[in-house]
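Spelled out, the chains give:
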Amino acid sequence: MQRSRIRGQRSEVSDQIGFALYEVLLGLAIFAVGVLALGRAVQNCLNASTLSAEENRVRQILANRMAEVQTTPGAPDPSKEFNIDTGYGMVKLIQKSASAGLEEDSGAPLAGVTQVTLTVKWTRGGADQSQQIEFYVYRPG
């Protein structure tokens, strides 16, 4: 009877140790999944931050070129291209300008107004990207 009782106690202890091992393994698996999810979230945040910085740089290039065109005396060049290194890669800035073709209320053509289009083109992850801005410049003739 004593021997059977000792075996029963050993069996219970063995079952408790085995159950504790499963608990630890389950806890480790949950922790590993959490760490992987956290790593993925951090990677997504870094990607979004990089994309935002790149887009801000492109907007700054457009704003700078627009300011240059507006402050330069004389009519804007009809067509011009620039290659600019942004730190995120090369971008191509294309400037095109033409008469705006606007009319006064009386129907007479409005002279001296030029429509300028600035386009920035670049490649991100193998896909072509572009951003464009249009504005008017008045130079009395």
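Presented here is a report on the structure given in the accompanying data block. (Residues numbered from 1 in each chain as written. Predicted model: local features only at pLDDT ≥ 70, side-chain atom pairs only at ≥ 80, totals over all residues. Heavy atoms only, no water.)

**Describing the overall build of the protein**
Looking only at helices and strands, one finds 1 helix and 4 strands in the protein. Ordered by position from N to C terminus, the α and β elements of the protein give α-β-β-β-β. Burial status across the protein gives 18% buried among its 141 residues. Excluding contacts between residues fewer than 6 apart, the proportion of contacts in the protein whose partners are at least 24 apart in sequence is 45%. Put simply, the protein shows about 10500 Å² of open surface, and 56% of that area lies on carbon and sulfur atoms. (Helix = DSSP H or I, 4+ residues; strand = E, 2+ residues; numbered from the N terminus. Buried < 20%, exposed > 50% of the residue type's maximum accessible area, 1.4 Å probe, protein only. Contact = heavy atoms within 4.5 Å. Areas by Shrake-Rupley, 256 points an atom, 1.4 Å probe, with all protein chains shown as cover.)

**What to know about the side chain of Thr-117**
Mapping Thr-117 onto the fold places it in strand β3 (residues 113-124). With sequence-adjacent residues up to four places away left out, Thr-117 is seen in contact with Ile-94, Gln-95, Lys-96, Gln-132, Ile-133 and Glu-134.

**Quick word on the sheet that holds strand β2 (residues 90-99)**
The sheet built from 4 strands is open, its strands ordered β1-β2-β3-β4 with antiparallel pairing. Every other strand in the sheet has two partners, leaving β1 (79-85) and β4 (127-138) as the edge strands with one partner each. Between one strand and the next, the sheet's axes are offset by a mean angle of 20°, whatever the strand orientation. Judged from the 12 bridges that link them, β3 and β4 form a sheet pairing that is antiparallel. (Pairing = 2+ DSSP bridges. Axes fitted to C-alpha atoms, helices over the stretch in contact; angles between N-to-C directions.)

**Re the pattern of salt bridges**
Tallied over the full model, the rule gives 5 salt bridges. As a salt-bridge pair, Arg-65 and Glu-68 come within 2.6 Å of each other at their nearest N and O atoms. Separated by 3 residues within a single helix, Arg-65 and Glu-68 lie in helix α1 (residues 2-71), roughly one turn from each other. Put simply, Lys-80 and Asp-77 hold a salt bridge, and the shortest N to O gap is 3.1 Å. Taking the relative accessible area as the measure of exposure, Lys-80 reaches 31% and is therefore partly exposed. On the basis of relative accessibility, which here comes to 33%, the residue Asp-77 falls in the partly exposed class. (Salt bridge = Lys/Arg side-chain N within 4 Å of Asp/Glu carboxyl O.)

**Observations regarding the side chain of Thr-119**
Assignment of secondary structure puts Thr-119 in strand β3. Here the side chain of Thr-119 touches Gln-132 through a polar contact of 3.2 Å, side chain to side chain. Beyond its immediate sequence surroundings of up to four residues, Thr-119 is in contact with Lys-92, Leu-93, Ile-94, Gln-131 and Gln-132. (Polar contact = N/O pair within 3.5 Å; in protein donor to acceptor, adjacent residues only side chain to side chain.)

**Brief notes about the nonpolar core**
Val-58, Ile-61, Leu-62, Val-69, Val-91, Leu-93, Val-116, Leu-118, Val-120, Trp-122, Phe-135 and Val-137 form the largest nonpolar core, which has 12 residues in total. Elements that contribute at least two residues to this core include exactly α1, β2, β3 and β4. In contact with Val-69, other than residues within four places in its own chain, are Pro-76, Gln-95, Val-116, Phe-135, Val-137 and Arg-139. (Core = buried A, V, L, I, M, F, W, Y, C linked by side-chain atoms within 4.5 Å.)

**Digging into the environment of Pro-78**
Here Pro-78 lies in the loop between α1 and β1. When its relative accessible area of 59% is taken as the criterion, Pro-78 is described as exposed. Residues Pro-78 and Gln-115, 37 residues apart in the sequence, show an inter-C-alpha distance of 10.0 Å. Other than its neighbours up to four places away in sequence, Pro-78 contacts Gln-95, Lys-96 and Ser-97.

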